[in-house]
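If you want the building blocks of each chain, they are given just below.
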Amino acid sequence: MVKILVKMYKIAVFVSGRGSNLKAILDRLSQFESTAEVVCVISDKIECSAFKIVESKNIPTYTVSQNDEKGFISYAKILLLLEDLDIDLIVLAGYLKKIPNILIEKFEKKIINIHPALLPAFGGKGMYGLNVHKAVFDKSVQVSGATIHFVDKVYDNGKIIAQKSIDISDVDSPEQIAERVLEIEHQLLPEVVLKFSENKVVEKNNRIYLLN
Ligand code: GRF
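In short, a report on the structure. Everything numeric here is computed off the predicted structure, so don't read it as measured data.

Quick notes on the packing of helix α5 (residues 129–138) against helix α6 (residues 174–197)
Relative orientation of the contacting elements α5 and α6 amounts to 115 degrees, with a least axis distance of 8 Å. As the angle between them shows, α5 and α6 are arranged roughly perpendicular. Two packed elements cross with a definite hand, and for α5 against α6 that hand is right-handed. The residues of α6 that touch α5, namely those facing L130, H133, K134, V136 and F137, are P174, E175, I177, A178 and V181. Of the residues that constitute the contact of α5 with α6, the class distribution is seven nonpolar, one polar and two charged.

Right, dumping it as structure tokens:
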């Protein structure tokens, strides 16, 4: 009998909140005959709600902090773990803390983030969650959307991988923008993760292209 060994594409997902983007990734990977898998979920919060999503899936969860405080694992140890697991891609799916440089240096061009606005506008320190949508609302911006970008040492600064926009000209509140943008996030993030796993994200002309 000939056994064909397929190398799995291994993903680590970092979360801080409810984890709807994590769920969107997991759902998409399970629908699709993919060789990609989420092998661990990491949060900065003990009992993070997103952990519940993987409870029944046998995917280990870890809680990280700067140091080895009680109940937390330091970033230095998480780095060793990610190297041990042979992680191909780190996805920040609503992770609110800044990723330390030790991780960024080891996983250069292998860490991506989803931002709930069209970067380079409405990004940077303090621009997360509803803050982003409030700023977009107050500026009377008519189109918003989601951006997937590489993570470098500066907040929301890495090269843009994919963006999708949505008309928000008729919204009454920042919450309504958040709702519309989230729907887009749930489409865009799994799509991009799949492209990475298929080796279809390339850099050319100093730009990023997604191949068909
Ligand atoms: C998303 O809007 C994401 O873009 C932002 O935080 C939110 C996380 O949502 N950075 P969830 O935890 O994936 O539901």
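Section: the packing of aromatic side chains
If you walk through the whole model with that rule in mind, you get two aromatic pairs. Ring plane angle 80 degrees and centroid distance 5.1 Å describe the contact between F14 and Y95, whose orientation is recorded as edge-to-face. You can see F14 sitting in strand β1 (residues 9–15) and its partner Y95 sitting in the loop between β5 (89–92) and α4 (101–106), a full 81 residues away along the chain. Residue Y95 is classed as buried on the basis of its relative accessible area, which comes to 7%. Look at F150 and F196: their rings are 5.9 Å apart centre to centre, the planes differ by 90 degrees, and that puts the pair in the edge-to-face class. Of the two residues, F150 is situated in strand β7 (residues 143–150) and F196 in helix α6; the sequence distance between them amounts to 46 residues. We classify F150 as buried; its relative accessible area is 6%. F196 gets classed as buried once you look at its relative accessible area, which sits at 10%.

As for the pattern of salt bridges
It is possible for side chains of opposite charge to pair when their charged atoms get near one another. One pass over the structure, following the stated rule, counts ten salt bridges. The shortest N-O distance in the salt bridge between D27 and K23 comes to 2.8 Å. Note that D27 and K23 are positioned in helix α1 (residues 20–31) at a spacing of four residues, about one turn of the helix. By relative accessible area, D27 is classed as partly exposed at 29%. Taking the shortest distance from any N to any O, the salt bridge between K45 and D44 comes out at 3.9 Å. It is possible to trace a salt-bridge network through shared partners that takes in D44, K45 and K97.

Brief notes about the side chain of D88
Within the element layout of this structure, D88 appears in the loop between α3 (75–84) and β5. Within polar-contact distance, the side chain of D88 engages the backbone nitrogen of K10 at 2.7 Å. Excluding residues that lie within four positions of it along the chain, D88 makes contacts with K7, M8, Y9, K10 and K110.

Points about the sheet that holds β5
An order of β4-β3-β2-β1-β5-β6-β7-β8 is seen for the eight strands of this open sheet, with the pairing classed as mixed. Where the open sheet ends on each side, the last strands, each with one partner, are β4 (73–74) and β8 (160–167). The sheet contact formed by strand β6 (residues 111–115) and β7 spans four bridges and is antiparallel. If you follow I114 over to β7, its bridge partner there is I148. The sheet contacts of α1 involve β1, β2 (36–43), β5 and β6, and relative to β2 the element is tilted by about 165 degrees.

Thresholds applied
- Residues numbered from 1 in each chain as written.
- Predicted model: local features only at pLDDT ≥ 70, side-chain atom pairs only at ≥ 80, totals over all residues.
- Heavy atoms only, no water.
- Axes fitted to C-alpha atoms, helices over the stretch in contact; angles between N-to-C directions.
- Helix = DSSP H or I, 4+ residues; strand = E, 2+ residues; numbered from the N terminus.
- Parallel < 35°, antiparallel > 145°, perpendicular 65-115°, else oblique.
- Left-handed = near helix turned anticlockwise from the far one by under 90°.
- Contact = heavy atoms within 4.5 Å.
- Nonpolar A, V, L, I, M, F, W, Y, C, P; charged D, E, K, R; others polar.
- Phe/Tyr/Trp six-rings, centres within 6.5 Å; stacked < 30°, edge-to-face > 60°.
- Buried < 20%, exposed > 50% of the residue type's maximum accessible area, 1.4 Å probe, protein only.
- Salt bridge = Lys/Arg side-chain N within 4 Å of Asp/Glu carboxyl O.
- Polar contact = N/O pair within 3.5 Å; in protein donor to acceptor, adjacent residues only side chain to side chain.
- Pairing = 2+ DSSP bridges.

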